[in-house]
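Here's the letter readout for the chains.
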Amino acid sequence: MDKVERNKLYEEAKSWVVEAGELIRASLDKKLQIDTKSDANDLVTEMDRESEKFFVDKIKLNHPSHKIISEEGFGDDLSTLEGTVWILDPIDGTMNFVHQKRNFAISLAIYQDGVGEIGLIYSVMEDVLYHVKRGEGAFRNKTQLSPLKDHVAIEESILLVNSSLCCENKRLNHTKIQELVKTVRGTRSYGSGALEFAGVADGTLDAYISMRLSPWDFAAGAILIEEVGGVITQIDGSPLDFFGENTSFSGNPFLKDEIINNYIELK
Ligand code: 2AM
Ligand code: CA
């Protein structure tokens, strides 16, 4: 993808993200219909669907040849990342959206033949936009993010662990995780994968472990993290799978082997 085309897509994507953010903020005054998906805690509202539809209509109208991977079913059913693929989570952190009315984000990425070119994570209520064009720096609003520190002592690190540390056939060894939690300086859990990845990219989190993420949760975050020299893989170190559910480790590369080798054990 050449730079002129990429800049154009970036400006367009950014304006749609800001517009969708306005629609979502306006919806907070309304009574929303709330449904569940894979389980009782996997929530979806009419606003998740409306926000997704807003993006899908814009993308299809302006770029009929582009493809879309998205959470709520208005995108395409893809089995490859060939061509230009938009990867969208219209509201990441729906439980926060419903219960807290804050701490949720829109996550939008554009991949070209499998390479992440543009990533946008918009923290809707804070009005903070994380954005990246691969190779041109990662930003939090107008401030460029620094490269991640080249050394972090595990005892001085902040670890984010997702509250669901188990999922069906994949369970972490909780004793090992307890040891890890005791070893690090502090733990956090935000409830929005996209904002958690943004936290890794801006250095407020040193490592993040999650057991159940889909491509729309990590597609933009992965570009941000890699831009500042961070790593993002599955928790056994294998590459992320854009066509299934993923475990994930992301963070400072210095901590990756230390955490994966000493504290991650799947039962
Ligand atoms: P979502 O809000 O878009 O569903 C919450 O811990 C984080 O995990 C959110 O980013 C949430 O995304 C994501 N997540 C992925 N799969 C989930 C599931 N089955 N149930 C709840 N949250 C899920
Ligand atoms: Ca979502």
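This report concerns the structure included in the present document. The residue numbers shown here count from 1 along each chain, following its written sequence. Going through the entries in the order they are written, you letter the chains from A and number the ligands from 1. Totals for whole chains, interfaces and linings use every residue, but because this is a predicted model, local features are given only for residues with pLDDT of at least 70 and side-chain atom pairs only at 80 or more, for both listing and counting. Processing note: side-chain calculations cover all non-hydrogen atoms of the structure and skip hydrogens and water entirely.

## What to know about the nonpolar core
Inclusion rule: The definition of a nonpolar core used throughout is a set of buried Ala, Val, Leu, Ile, Met, Phe, Trp, Tyr and Cys residues joined through side-chain atoms within 4.5 Å. Here the term buried applies to any residue with accessible area under 20% of the maximum for its type, exposed to any over 50%, and partly exposed to those in between, with areas from a 1.4 Å probe on protein chains only. Think of it this way: any DSSP run of H or I at least four residues long counts as a helix, any run of E at least two long counts as a strand, and we number them from the N terminus. Residue ranges assigned to each domain were obtained from an automatic or database domain assignment. It only takes one pair of heavy atoms within 4.5 Å for two residues to be counted as in contact.
In this structure, Ile 87, Tyr 111, Ile 121 and Leu 224 are the most contacted members of the largest nonpolar core, which totals 38 residues. Among the secondary structure elements, those contributing two or more residues to this core are β4 (84-92), β5 (105-112), β7 (128-133), β10 (158-161), α5 (193-201), β14 (207-213) and α6 (215-227). Per-element accounting of this core gives the leading share, eight residues, to α6. A domain split of this core shows at least three residues from each of domain 1 (3-144) and domain 2 (154-263). Those residues in contact with Tyr 111 that lie beyond four places of it in its chain are Gly 83, Thr 84, Val 85, Ile 87, Gly 116, Glu 117, Ala 219, Ala 222, Ile 223 and Phe 242. Leu 32, Phe 55, Val 56 and Ile 106 belong to the second-largest nonpolar core, a separate cluster that totals 28 residues.

## Remarks on the site of ligand 1
Note the threshold: By convention in this text, a residue qualifies as near a molecule or strand provided that one of its non-hydrogen atoms is within 4 Å of it. The definition of a polar contact used here is a pair of N or O atoms within 3.5 Å, where within protein one atom must be able to donate a hydrogen and the other to accept one, and adjacent residues in sequence count solely through side-chain atom pairs. Here, Shrake-Rupley sampling with a 1.4 Å probe gives the accessible areas, and only protein chains in the shown set may cover a residue. Classes in brief: Ala, Val, Leu, Ile, Met, Phe, Trp, Tyr, Cys and Pro nonpolar; Asp, Glu, Lys and Arg charged; the others, Gly included, polar.
Asp 89, Asp 92, Gly 93, Thr 94 and Gly 193 are the nearest of the 15 residues found near ligand 1. Here an oxygen atom of ligand 1 sits 2.7 Å away from a polar atom, N or O, in the side chain of Asp 92. Gly 93 has a polar backbone atom sitting 2.7 Å from an oxygen atom of ligand 1. Protein chains bury 86% of the 480 Å² of accessible surface belonging to ligand 1 in isolation. Of all the secondary-structure elements, those providing two or more residues to the shell around ligand 1 are β4 and β14. Broken down by element, the shell around ligand 1 gets its largest block of residues, three residues, from β4. Considered class by class, the residues forming the shell around ligand 1 number two nonpolar, seven polar and six charged. Looking at the shell around ligand 1, you find at least three residues from each of domain 1 (3-144) and domain 2 (154-263).

## Some words on the sheet that holds strand β8 (residues 138-140)
Operational definition: Should DSSP find at least two bridges between two strands, the strands are regarded as paired. Lines are fitted to the C-alpha atoms to define the axes, a helix being fitted only along its stretch in contact, and any angle between axes, read from their N-to-C directions, falls within 0 to 180 degrees.
Strand order in the open sheet made by the seven strands is β3-β4-β5-β6-β7-β8-β9, with mixed pairing throughout. The open sheet has two free edges, formed respectively by β3 (67-70) and β9 (143-144), since each of these has just one partner strand. Note: β7 against β8, three bridges, orientation antiparallel. Counterpart to Val 132 in the pairing with β8 is Ala 138. Packed on one face of the sheet, helix α2 (residues 46-62) meets β3, β4 and β5 and runs near 160 degrees to β4.

## Things to note about the coordination of the calcium ion (ligand 2)
In plain terms, the rule: Any N, O or S atom lying within 2.8 Å of the metal counts as a donor, with the limit raised to 3.2 Å for Na, K and Ca; because water is left out of the atom set, some sites can appear incomplete.
Around the calcium ion (ligand 2), the protein contributes the donor atoms Glu 71 (OE), Asp 89 (OD), Asp 89 (OD) and Ile 91 (O), which lie 2.1 to 2.9 Å from the metal centre. Positions of the donor residues of the calcium ion (ligand 2) along the chain correspond to the pattern E-x17-D-x1-I. Residue Glu 71 is found in the loop between β3 and β4, and its partner Asp 89 is found in strand β4; the two are separated by 18 residues along the sequence. The class for Glu 71 is partly exposed, based on a relative accessible area of 23%. On the accessibility criterion, Asp 89 (1% relative accessible area) is buried.

## Concerning the side chain of Glu 117
As for its placement among the helices and strands, Glu 117 is situated in strand β6 (residues 115-123). The residues contacting Glu 117, other than those within four sequence positions of it, are Met 1, Arg 6, Ile 110, Tyr 111, Gln 112, Val 132, Lys 133, Arg 134 and Ile 223.

## Here we look at the environment of Gly 244
Among the structural elements, Gly 244 can be located in the loop between β15 (231-233) and β16 (246-251). Accessibility expressed as a relative area gives 22% for Gly 244, which makes it partly exposed. As a C-alpha pair, Gly 244 and Pro 215 span 29 residues in sequence and 7.4 Å in three-dimensional space. With residues up to four places along the chain from it excluded, the contact list for Gly 244 reads Leu 213, Ser 214 and Pro 215.

## Examining empty space enclosed by the protein
Keep this limit in mind: A pocket, in this scheme, is an open set of points on a 1 Å grid over the protein atoms alone with protein on both sides within 12 Å along at least 5 of 7 lines, while a cavity is a set where a 1.4 Å probe fits but cannot get out; residues line either one if an atom lies within 4 Å of a point. Grid points are joined across faces, edges and corners, and a volume is the space filled by probe spheres set on the points.
Using the criterion set out here, one finds one cavity of 30 Å³ or more in the structure. If you trace the largest cavity, you find it lined by Leu 148, Lys 149, Val 200, Gly 203, Leu 205, Asp 206, Gly 251 and Asn 252. Split by residue class, the lining of the largest cavity holds three nonpolar, three polar and two charged.

## Details of the sheet that holds strand β13 (residues 186-188)
Spatially, the five strands line up as an open sheet ordered β13-β10-β14-β16-β15, and their pairing is mixed. Only two strands of the sheet have a single neighbouring strand rather than two, namely β13 and β15. Ignoring strand direction, the axes of neighbouring strands in this sheet form an average angle of 15 degrees. Examined bridge by bridge, β14 and β16 share five bridges and lie antiparallel to one another. Bridge pairing in β16 links Tyr 208 to Ser 250. This element, α5, spans β10, β14, β15 and β16 of the sheet and lies at about 155 degrees to β14.

So far we have only geometry, and geometry alone does not tell us how the molecule works.
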